[in-house]
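Geometric and topological summary
As a plain string of letters, each chain reads:
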Amino acid sequence: MEAVHYNRVSPELIEQFKKIVPGKVHTAEDINEDYSHDEMPIYGKGYPDVLIEATTTEDIAAIVKLCYENNIVVIPRGAGTGLVGAAVAIHGGVMIDMTKMNKILEYDLENFVVRVEPGVLLNDLAEDALKQGLLYPPDPGEKFATLGGNVATNAGGMRAVKYGTTRDYVRAMTVVLPTGEIIKLGATVSKTSTGYSLINLMIGSEGTLGIITELTLKLIPAPKETISLIIPFENLEDCISTVPKIFLHKLAPQAVEFMEKEIVLASERYIGRAVYPKEVEGVDIGAYLLLTFDGESMERLEEITEQAAEIALEAGAVDVLVADTPTKKKDAWAARSSFLEAIEAETELLDECDVVVPVNKIAEYLKYVYKVRENYDFTVKSFGHAGDGNLHIYTCSNDMELEEFNKQVKGFFDDIYQKAAEFGGLLSGEHGIGYGKRDYLASFSGDVVMRLMKGVKETFDPKMILNPGKVCYKVD
Ligand SMILES: Cc1cc2nc3c(=O)[nH]c(=O)nc-3n(C[C@H](O)[C@H](O)[C@H](O)COP(=O)(O)OP(=O)(O)OC[C@H]3O[C@@H](n4cnc5c(N)ncnc54)[C@H](O)[C@@H]3O)c2cc1C
């Protein structure tokens, strides 16, 4: 625990902020409850003293410089859809709401990039790019997150198995450092060997090293066709064991998601319609794979899906359903896209693990998780990106006391995180560390790596004012 002293925001300082961004500064009773938490409120709530709507890089730099000189905490905030408490003001201070910097600035089609402000929503860029026949490949489940938030968490999502994660699509960025200095990192080029890659340090730094105020993102030509398969299995083990076989046959799916029946049922209750089969020829279905393939022609995709179907049936699938029309594809994915909301709607106490393990270890890992779960009073629901080993394991209870729930969940997580490490996995595949996972990071990283991470933080943020208490640094 590091001892750092922060000042409260004085009325004089608020007046100075108002001169920089008139009409954009909000205090106390003016700040909506939404800003006091993210989408995983179990990690705690906290209000900032002041909320400022971001306008320009220069204005943000002027505000941050004032905060630096006065030892005031600053928290950059995107859409608040994070799942690790990273965008929550646990030490008060000035929250900078980036959602108002939301312009798509310029497409550069000769270089296949787009320049955007960080508050542009993923959904808005994805739709806009598609109109021009272009794809922005990162596809995390929450489409109404900001691109700045996606970059700050290195968001992953469904298409990571084929196209990689957000990191792979960031060419350049403008950053306001915790000192108020403005830097530009990267360039509109596709290769670089130009010193330490600070741009890669910024990606996934969860608002602890700098505030991203502009992004240049890579695009690719949009594939002409896609086709999805819903593949039901009797049990989760058969379902998961099929995934490495698909890769062994060198099929290159765009997405490979697994889901257990319980979660599909919850999701269908939530969206109000049934899409997935629950029983096939007398076999009770226990789990599903949802696969998508993309390509240039439907004929080629049909060949690939036939091959995938054969592999799956041989591996124990009970059936293979093809979603080849826009409505069928939309329905198949609607249920998958609503999993978290569906769990939230039915659950009072919820915590989450977002480990990533090697793909060939998923089945064994999940078997272990469900075995360990038997020692506890909460239930577990799981789904995830089977193609890249990223598992979302939710602990859920409607009848436990909060204190008891937290105590039991800690015991459970200690155990399953240790197993993930033994299997060669990592603590977070895509949601980040933030506040909620901070205390587990050291056990995955070791003392030397933690020392280096803290050294990076101290170099970028000598007064520890930017989003303190998150990722690798505890402050009291
Ligand atoms: C239903 C649901 C589904 C989800 N599915 C996925 C998924 O499939 N894959 C995935 O990876 N995530 C997923 N998420 C998590 C979440 O959407 C991502 O973490 C997202 O990237 C957060 O973006 P945001 O704009 O909401 O950022 P916030 O939650 O506001 O902030 C997240 C972090 O980014 C920092 N930050 C935000 N903007 C900036 C900026 N401009 N400069 C510097 N730092 C900044 C904040 O300080 C904070 O540390 C899901 C969440 C929900 C609710």
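Relevant structure appears above.
Residues numbered from 1 in each chain as written. Predicted model: local features only at pLDDT ≥ 70, side-chain atom pairs only at ≥ 80, totals over all residues. Heavy atoms only, no water.

Let's talk about the sheet that holds strand β1 (residues 25-27)
If you walk across this open sheet you meet the four strands as β1-β2-β4-β3, and the pairing is mixed. For this open sheet the edge positions go to β1 and β3 (74-77), each flanked by a neighbour on one side alone. Going from strand to strand, the sheet's axes swing by 25° on average, the running direction of each strand aside. With three bridges connecting them, β1 and strand β2 (residues 50-53) associate as antiparallel partners. Looking across to β2, one finds that V25 is bridged to I52. Contacts between helix α2 (residues 57-69) and the sheet are confined to β2, β3 and β4 (94-97), with β4 contributing the most and set at about 170° to the helix. (Pairing = 2+ DSSP bridges. Helix = DSSP H or I, 4+ residues; strand = E, 2+ residues; numbered from the N terminus. Axes fitted to C-alpha atoms, helices over the stretch in contact; angles between N-to-C directions. Contact = heavy atoms within 4.5 Å.)

Some details on the pattern of salt bridges
Applying the stated criterion across every chain yields a total of 26 salt bridges. Of the charged contacts in the structure, one is a salt bridge between E214 and R115, with a shortest N-O distance of 3.0 Å. Of this pair, E214 sits in strand β10 (residues 211-218) while R115 is found in strand β6 (residues 113-116), placing the two residues 99 residues apart along the sequence. The salt bridge involving K278 is made with E268; its shortest N-O contact spans 2.6 Å. Remark: E268 occurs in helix α8 (residues 261-271) and K278 occurs in the loop between α8 and β14 (279-280); sequence separation between them is ten residues. (Salt bridge = Lys/Arg side-chain N within 4 Å of Asp/Glu carboxyl O.)

Details of the site of the ligand
Around the ligand there are 36 residues in total, and P76, G78, T81, G141 and T146 lie nearest to it. Within the backbone of P76, an N or O atom sits 2.6 Å from an oxygen atom of the ligand. Relative to its free-state accessible area of 980 Å², the ligand is covered by the protein chains to the extent of 97%. A per-element tally of the shell around the ligand places helix α4 (residues 147-153) first, with five residues. Tallied by class, the residues present in the shell around the ligand amount to 14 nonpolar, 16 polar and six charged. (Near = heavy atom within 4 Å. Polar contact = N/O pair within 3.5 Å; in protein donor to acceptor, adjacent residues only side chain to side chain. Areas by Shrake-Rupley, 256 points an atom, 1.4 Å probe, with all protein chains shown as cover. Nonpolar A, V, L, I, M, F, W, Y, C, P; charged D, E, K, R; others polar.)

A word on unusual backbone geometry
Despite not being glycine, F112 has its phi angle at roughly 55°, a positive value. Looking at where F112 falls in the secondary structure, it is placed in the loop between β5 (104-108) and β6. Phi is positive for N467, close to 45°, though the residue is something other than glycine. Structurally, the position occupied by N467 is in the segment after α14 (438-460). For N467, a relative accessible area of 2% puts it in the buried group. (Buried < 20%, exposed > 50% of the residue type's maximum accessible area, 1.4 Å probe, protein only.)

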